[in-house]
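Spelled out from the first residue to the last, the chains are:
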Amino acid sequence: MRKPGFITLEGGEGAGKSTQVRLLAAAFSAAGLGLCTTREPGGSPGGEAIRGLVVNGAADKWHPVTESLLFMTARYDHLEAKINPALARGEWVLCDRFYDSTYVYQGVAKAVGTAWLDQLYAHLFGNQAPDLTLLLDLPPSVGLARTASRGNVDESRFESMGLEYHEQLRAGFHALATKYPERIHSIDATQSASHVHAAIVSAVNARFGLALIPQESA
Ligand code: Z5A
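If you're wondering where the values come from, they're calculated on a predicted model, not measured in any experiment.

1. Topic: the environment of serine 101
Turning to step 1, where the next piece is worked out: By secondary structure assignment, the location of serine 101 is in helix H4 (residues 99-108).
Turning to step 2, where the next piece is worked out: Remark: the alpha-carbon pair of serine 101 and phenylalanine 71, spanning 30 residues in sequence, is separated by 9.3 Å.

2. With respect to the packing of aromatic side chains
Turning to step 1, where the next piece is worked out: Enumeration according to the criterion identifies twelve aromatic pairs in this entry.
Turning to step 2, where the next piece is worked out: Taking 6.2 Å as the distance between ring centres and 65 degrees as the angle between the ring planes, the aromatic pair formed by tyrosine 105 and tyrosine 165 counts as edge-to-face. Residue tyrosine 105 is located in helix H4, and its partner tyrosine 165 is located in helix H7 (residues 163-179); the two are separated by 60 residues in the primary sequence. Of the two residues examined, tyrosine 105 and tyrosine 165, each falls in the buried class.
Turning to step 3, where the next piece is worked out: One aromatic cluster is present, formed by Phe6, Tyr76, Phe98, Tyr99, Tyr103, Tyr121 and Phe125 through successive ring pairs.
Turning to step 4, where the next piece is worked out: Just above the ring of phenylalanine 98 sits the side chain of arginine 75; from NZ or CZ to the centre is 5.3 Å.
Turning to step 5, where the next piece is worked out: Here the basic side chain of arginine 157 rests over the ring of phenylalanine 158, its NZ or CZ set 5.2 Å away from the ring centre.

3. What about the environment of glycine 11?
Turning to step 1, where the next piece is worked out: With respect to the helices and strands, glycine 11 occurs in strand S1 (residues 6-11).
Turning to step 2, where the next piece is worked out: When the C-alpha positions of glycine 11 and serine 186 are compared, they lie 9.4 Å apart, and in sequence the two are 175 residues distant.
Turning to step 3, where the next piece is worked out: Contact partners of glycine 11, with chain neighbours within four places excluded, come to Lys17, Arg97, Tyr105, Leu135, Leu136 and Phe173.

Rules used in this analysis
Residues numbered from 1 in each chain as written. Predicted model: local features only at pLDDT ≥ 70, side-chain atom pairs only at ≥ 80, totals over all residues. Heavy atoms only, no water. Helix = DSSP H or I, 4+ residues; strand = E, 2+ residues; numbered from the N terminus. Phe/Tyr/Trp six-rings, centres within 6.5 Å; stacked < 30°, edge-to-face > 60°. Buried < 20%, exposed > 50% of the residue type's maximum accessible area, 1.4 Å probe, protein only. Lys NZ or Arg CZ within 6 Å of the ring centre and 35° of its normal. Contact = heavy atoms within 4.5 Å.

Right under this line is the structure:
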């Protein structure tokens, strides 16, 4: 049996990750492949409890180091309780955000530093990493306009952090894509959702030797 892959989606606010998780899950389902979809922060009961602490409230509610540790704590629970059991069952895993988000949102844009985060990650998780990361890249002004038009004031803590912060996020993701060109595949997320989906299916097929077919909707 083919070893299942661990796929993550990354990008700034409103990049279309949730939309693309649904579409890619439909493509896996159409191919008869078992897929566990999940998200960070969250994914497991413990992770979701921590999500409530970090995505709501004032922008300065946590010291950036405390915030980093909350994301890492949620990730430990998520890997133990959901991701690793799914992989052990032979399911593929598709996760909306993972450690790259901590590296960029806290390590780079909040300037807590990346070396100690990488050390902590290695201590907690060894060399476990996604097999493929799909980076949905778009100007922050476009992504923030998308989320603003959605009109959802819940979970808007990071959206309230200002355009300069979001520009730093994009630069941080670009730097990571340059650092890990074999793992991170960047996609122009200003295209229509169906074009982005087709690009994602193509990247997944190329990376894992699959023959997924793009889906019309999900
Ligand atoms: N965070 C962190 O700081 N450190 C960490 O370690 C982790 C996370 C793991 C919550 O994550 C926050 O936690 C996040 C980073 C921080 N910051 N925020 N906010 P999240 O992933 O839940 O939050 P998010 O990135 O803001 O997700 P989102 O707002 O749900 O956006 P999305 O999933 O990328 O996009 P979407 O919901 O699919 O689409 C947004 C809107 O655009 C929606 O109306 C769609 O219909 C529309 N859309 C989607 N695709 C398109 C295209 N292609 N064209 C036009 N319109 C589109």
